[in-house]
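# Coordinate analysis (summary)
In case you want the letters, here they are:
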Amino acid sequence: NQDLLSLSPLKDKTVLITAGPTHEPIDPVRFIGNHSSGKMGISLAETAAEMGAKVNLVLGPTPLRPTNADVNVISVETAVHMHQECEKLFSLTDISIMAAAVADYRPKKVADQKIKKADGGLHIDLIKNPDILFDLGNKKSATQVVVGFALETENGIENAIGKLHKKNCDLIVLNSPSFNTGFGKDTNEVTLINRKEEQITLGLKSKQDIAKDILLHITDHLLPK
Ligand code: CTP
Ligand code: CA
């Protein structure tokens, strides 16, 4: 990666990345979560730092950490907490990349004590979490770049384009999990879709190489010249 280091294409840029899952507490010992490992977002953070950026990584609960000590890691548990940290950082951010698998809902009430097993089933009321990407995308200035991810199991392109416009992103990275890609895997295969709805498919490669391609696309095509 010496090529990227010497060119430092992101020198003087501040990058905000979300990664990993969120955990939404049900009671003191249980939560609602998902299988995100955070690998894709952590790779983006490491690569952006190698490219010379100042990087803030808002990271949900995962044992993985970036190897690059220059990445500022802000650990969070819940979507609300992740949203608060992103709000604090956004005004000073040039490039935001939302790679986290944010839980869409959280329990309406968190029980103070462990919920005891009783006869019959259990109903948990859920309320919607804030949509971090939607918020940042819809308040970005003309010089700020906001990139989202879309995780789809069907109608990928159509759904990803819908999210790109709704969340006012400059680029959306479509992920369709398969045997070699997705949660916990070291490789990924994604399609980048820009606001003109042009598609660029990045073939199966390591998450580091995907990260490099995404960041080079941003520096070459999305950052103000
Ligand atoms: N996202 C977010 N905050 C949320 C939910 C999603 O910032 N509360 C971001 C994700 O980090 C990702 C993008 O929005 O960059 C799309 O996430 P995804 O789960 O694919 O889309 P949703 O809008 O939540 O729609 P659905 O889950 O119904 O497909
Ligand atoms: Ca979602």
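Under an unreviewed UniProt entry, the name given to the chain is Coenzyme A biosynthesis bifunctional protein CoaBC, and the organism recorded is Owenweeksia hongkongensis.

## Examining the overall build of the chain
Of the regular secondary structure elements, the chain holds 6 helices and 12 strands. Here the chain has a C-alpha radius of gyration of 18 Å; the compact-globule value for 225 residues is 17 Å, and the two agree. In terms of its C-alpha atoms, the chain occupies a principal-axis envelope of roughly 65 × 35 × 35 Å. Taken across its 225 residues, the chain has 39% of its residues classed as buried.

## A word on the UniProt feature "binding site: CTP" (unreviewed entry) in the chain
Per the UniProt record, "binding site: CTP" (unreviewed entry) is annotated on Asp 104, Lys 114, Pro 130, Asp 131, Ile 132, Leu 133, Phe 149, Lys 163 and Lys 167. Maximum C-alpha separation among the annotated residues is 37.3 Å over a sequence range of 64 residues, too wide for a single clustered spot. One can find Ile 132 in helix 4 (residues 132–137). A count of 26 C-beta atoms within 10 Å places Ile 132 in the buried class. Contact partners of Ile 132, with chain neighbours within four places excluded, come to Thr 18, Met 82, His 83, Cys 86, Met 98 and Val 102. Assignment of secondary structure puts Phe 149 in strand 9 (residues 145–151). Accessibility expressed as a C-beta count within 10 Å gives 25 for Phe 149, which makes it buried.

## As for helix 2 (residues 39–50)
With 12 residues, helix 2 extends 16 Å from end C-alpha to end C-alpha; this agrees with the ideal 16 Å at 1.5 Å per step. Of all 12 residues in helix 2, 12 are buried; the element is thus mostly enclosed. Of all the residues in helix 2, the buried ones are Lys 39, Met 40, Gly 41, Ile 42, Ser 43, Leu 44, Ala 45, Glu 46, Thr 47, Ala 48, Ala 49 and Glu 50. Gly 52 lies just past helix 2 and shows a positive phi near 100 degrees.

## Re the site of ligand 1
Within the structure, ligand 1 sits among 16 residues, and Met 98, Val 102, Ile 132, Leu 133 and Gly 148 are positioned closest to it. Elements with a minimum of two residues in the shell around ligand 1: helix 4 and strand 9. Top contributing element to the shell around ligand 1 by residue count: strand 9, with 4 residues. Looking at the shell around ligand 1, its residues break down into 10 nonpolar, 3 polar and 3 charged.

## Comments concerning unusual backbone geometry
The backbone phi angle of Asp 12 is positive, close to 70 degrees, even though this residue is not glycine. On the neighbour-count criterion, Asp 12 (9 C-beta atoms within 10 Å) is exposed. In this model, Glu 197 sits at a positive phi of 65 degrees, which is unusual for a non-glycine residue. With respect to the helices and strands, the residue Glu 197 is situated in the loop between strand 11 (187–194) and strand 12 (199–206).

Calculation notes
Residues numbered from 1 in each chain as written. Chains lettered and ligands numbered in written order. Predicted model: local features only at pLDDT ≥ 70, side-chain atom pairs only at ≥ 80, totals over all residues. Helix = DSSP H or I, 4+ residues; strand = E, 2+ residues; numbered from the N terminus. Rg over C-alpha atoms; globule rule 2.2 N^0.38 Å. Buried ≥ 20, exposed ≤ 12 C-beta atoms within 10 Å, placed from the backbone. UniProt positions renumbered as here; feature names shortened; annotations may be inferred. Contact = placed C-beta atoms within 7 Å. Expected span 1.5 Å × (residues − 1). Near = placed C-beta within 6 Å. Nonpolar A, V, L, I, M, F, W, Y, C, P; charged D, E, K, R; others polar.

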